[in-house]
Amino acid sequence: MTTPSIVWLRRDLRLADQAAFYAASQAGPVIPVYVLDDDTPRHRRMGGASRWWLHHSLERLDADLRARGSRLILRRGKVDEVLPALAAETGASAVHALHHYEPWWRNAERAVGKAMPLHLHHGNTLAPPGSVLTGSGTPFKIFTPFWRALSERMPPAPPLPVPDLTAPTHWPASDPLDSWGLLPIKPDWAGGFRAEWTPGEGGALERLETFVRRAPKYAEHRNLPSMEGTSRLSAHLHFGEVSPAMVWHRTAAAGGSVATFLGEIGWREYAQNVIVQLPDYGNRNAREAYDRFPWRAGPDADADFAAWTQGRTGYPIVDAGMRQLWVSGWMHNRVRMIAASFLIKHLLVDWRRGDQWFWDTLVDADYGSNAVNWQWSAGTGVDSNMFVRIMAPLTQSPKFDAGDYIRQWVPELAHLSDLEIHDPVKPVRGYPQKIVDHAAARARALAAHQALKG
Ligand SMILES: Cc1cc2nc3c(=O)[nH]c(=O)nc-3n(C[C@H](O)[C@H](O)[C@H](O)COP(=O)(O)OP(=O)(O)OC[C@H]3O[C@@H](n4cnc5c(N)ncnc54)[C@H](O)[C@@H]3O)c2cc1C
């Protein structure tokens, strides 16, 4: 019998259009392995919401594999030690995996590749990051020309089928998933997550099918937080439960404004390209001048930051978003932009604190997409400088018809009229007063920005 191959899984927890599974299955028996390796300093430790999702996604993948006569092996430790040890134990001669672009995964790939034969495949992006270049062969800095160049290479290759998997003669031992303690116990804050999400490939494909029907109206509805106008595929895409190529093929022919939706998939691609060029993007301002920005620090800033995280700023749209995030692990994109702008500009708190909070609380927390969007909001990024675009929450809220959204997430305000709910005129019992005045905060932010420039 041919020697088995290990399929090393990370954020690619699916069977369809999964090139590592496909290639390994062509070579012989397959041992699918997930290694929990985020406790070492080289990793950014996964946040609580991601750990919740990961638990359920691994559980689903194991069930899907078992239905095909295979199973998922779980191990914990440094991946460049765990995989060679597992290979020695099972006689596996090679590892197959999909490329990942977070700096810690690129380092881990190098380390595993030194220890044993590692075959890396493409498949979690529409085109390999770093392969879409300007006419002069340099990476794009700005999204629009990047997306135009990438679009010219579409459609992506047709999705690969779910492979037939041959089991090895002996299965190695696996950690029990529960022993990893990925789920919250005391307190169990995940009730709202369970109500909203079905992690795993089946849940991803179901979301995709539901969205295909709405896709033609995407541009019309995507900015309205009171509606379910977007796909809610972000966590499924982050964990690789569906491939972007599959999303592309399933939606591209939907008609209407689906091109706008595909452009958002393009932002995801762009983010992966940015972290390949600038691996430290999640920690460091791309515009170094901002290293001198006078971010507020100290007890007052800490109290404001806490109010922001708890959805108690006195700005209903911001508070609705932050509570939606806490309860369900997700926030509507329009509201993410408003909440991020509020933290950075109204409160003058360093974007990295916001990035970290999102990292811990979003089910779709993604190193590249999170940093690209935070640096975009802060004006510190490689793309255009957005610092002076200070979003006015009280104007944005009626503009995007957020009344019912606020009613859902800030029940203290639910009784207010459609007009008043965006900005209560009189104090409302149990709801805080505004922690900053909009005009004063705006002036303070612009002055701080001016001082930096001057
Ligand atoms: C401050 C801030 C932080 C963010 N952090 C993350 C993050 O950690 N992870 C994440 O996936 N998205 C992040 N986003 C982008 C965006 O808000 C989410 O991708 C989107 O809200 C997910 O909902 P959806 O799947 O319904 O999106 P849809 O509108 O249906 O878009 C389809 C897909 O395109 C991708 N996408 C959409 N918008 C963006 C974008 N602006 N940047 C990158 N990819 C995008 C996502 O994969 C999404 O699932 C952030 C945005 C902001 C403003």
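Residues numbered from 1 in each chain as written. Predicted model: local features only at pLDDT ≥ 70, side-chain atom pairs only at ≥ 80, totals over all residues.

1. Overview of the nonpolar core
Side chains of a nonpolar character, in soluble globular proteins, are inclined to be buried together.
Logical step 1: Counting 110 residues, the largest nonpolar core has Ile6, Val7, Val33, Leu83, Ala339 and Ile406 as its most contacted members.
Logical step 2: Among residues more than four places away in sequence, those in contact with Ile6 are Ile31, Val33, Leu83, Leu86, Ala87, Ala92 and Val95. (Core = buried A, V, L, I, M, F, W, Y, C linked by C-beta atoms within 7 Å. Buried ≥ 20, exposed ≤ 12 C-beta atoms within 10 Å, placed from the backbone. Contact = placed C-beta atoms within 7 Å.)

2. Description of the site of the ligand
Logical step 1: By nearness alone, 27 residues border the ligand, and Thr230, Ser231, Ser234, Asn370 and Asn373 come closest of all.
Logical step 2: Those elements giving two or more residues to the shell around the ligand turn out to be α9 (234-238), α11 (258-277), α14 (333-346) and α16 (367-378).
Logical step 3: Among the residues forming the shell around the ligand, the class breakdown is eleven nonpolar, nine polar and seven charged.
Logical step 4: Two domains each put at least three residues into the shell around the ligand: domain 2 (125-156 + 186-269) and domain 3 (288-453). (Near = placed C-beta within 6 Å. Helix = DSSP H or I, 4+ residues; strand = E, 2+ residues; numbered from the N terminus. Nonpolar A, V, L, I, M, F, W, Y, C, P; charged D, E, K, R; others polar. Domains from an automatic or database assignment.)

3. Considering the domain arrangement of the protein
Logical step 1: Segmenting the protein into domains produces domain 1 (5-124), domain 2 (125-156 + 186-269) and domain 3 (288-453).
Logical step 2: Using C-alpha coordinates to define each centre, domain 2 is positioned 24 Å away from domain 3.
Logical step 3: Taken together, the contact pairs 17 residues of domain 2 with 21 residues of domain 3.
Logical step 4: For the side of domain 2 that touches domain 3, the secondary-structure elements that each account for two or more residues are α6 (191-196) and α9.
Logical step 5: When grouped by side-chain class, the residues that make up the side of domain 2 that touches domain 3 number seven nonpolar, six polar and four charged.

4. Some thoughts on helix α2 (residues 48-66)
Logical step 1: A rise of 1.5 Å per residue sets the reference length of α2, with its 19 residues, at 27 Å; its end C-alpha atoms lie 27 Å apart and thus fit the reference within 8%.
Logical step 2: Buried residues in α2 make contact with β2 (30-36), α6, α7 (201-214), α9 and α15 (351-361). (Expected span 1.5 Å × (residues − 1).)

5. Here's the deal with the pairing of strand β4 (residues 94-98)
Logical step 1: Taken across its five residues, β4 has four buried, putting it largely inside the fold.
Logical step 2: In this fold, the crossover linking β4 to strand β5 (residues 118-121) by way of helix α4 (residues 103-115) has right-handed handedness. (Right-handed = clockwise from strand over helix to strand, strands pointing away.)

6. As for the sheet that holds β5
Logical step 1: Taken together, the five strands give an open sheet; going across it, the order is β3-β2-β1-β4-β5, and neighbouring strands pair in parallel fashion. Because the sheet does not close on itself, it has two edges, and the strands there are β3 (73-76) and β5. Within this sheet the neighbouring strands show an average axis-to-axis angle of 30 degrees, counted without direction.
Logical step 2: In this sheet, β2 lies alongside strand β1 (residues 5-9) in parallel orientation, the contact comprising five bridges. Paired with Val7 across the two strands is Pro32, which belongs to β2.
Logical step 3: Helix-sheet contacts for helix α3 (residues 79-90) involve β1, β2, β3 and β4, and the interaxial angle to β2 is about 150 degrees. (Pairing = 2+ DSSP bridges. Axes fitted to C-alpha atoms, helices over the stretch in contact; angles between N-to-C directions.)

7. Thoughts on helix α12 (residues 299-310)
What sets the pattern is the α-helix's 3.6 residues per turn: residues three or four places apart point alike.
Logical step 1: For α12, which comprises twelve residues, the first-to-last C-alpha distance of 16 Å matches the rise-based estimate of 16 Å (1.5 Å per residue) to within 8%.
Logical step 2: Just downstream of α12, Gly311 is the residue with a positive phi angle, here 70 degrees.

8. Description of the pairing of β3
Logical step 1: Here β2 runs beside β3; their pairing, made up of four bridges, is parallel. If you follow Tyr34 over to β3, its bridge partner there is Leu74.
Logical step 2: Following the backbone out of β2, through α2 and into the adjacent parallel β3, one traces a crossover that is right-handed.

9. Regarding the packing of helix α5 (residues 143-151) against α11
Logical step 1: α11 packs onto α5 with a crossing angle of 105 degrees between their chain directions and a minimal axis gap of 10 Å. Here α5 lies roughly perpendicular to α11, going by the angle between them. Touching Phe143, Phe146, Trp147 and Leu150 of α5 are Gly263, Gly266, Trp267, Glu269, Tyr270 and Asn273, all from α11.
Logical step 2: For the contact of α5 with α11, the per-class residue count stands at six nonpolar, three polar and one charged. (Parallel < 35°, antiparallel > 145°, perpendicular 65-115°, else oblique.)

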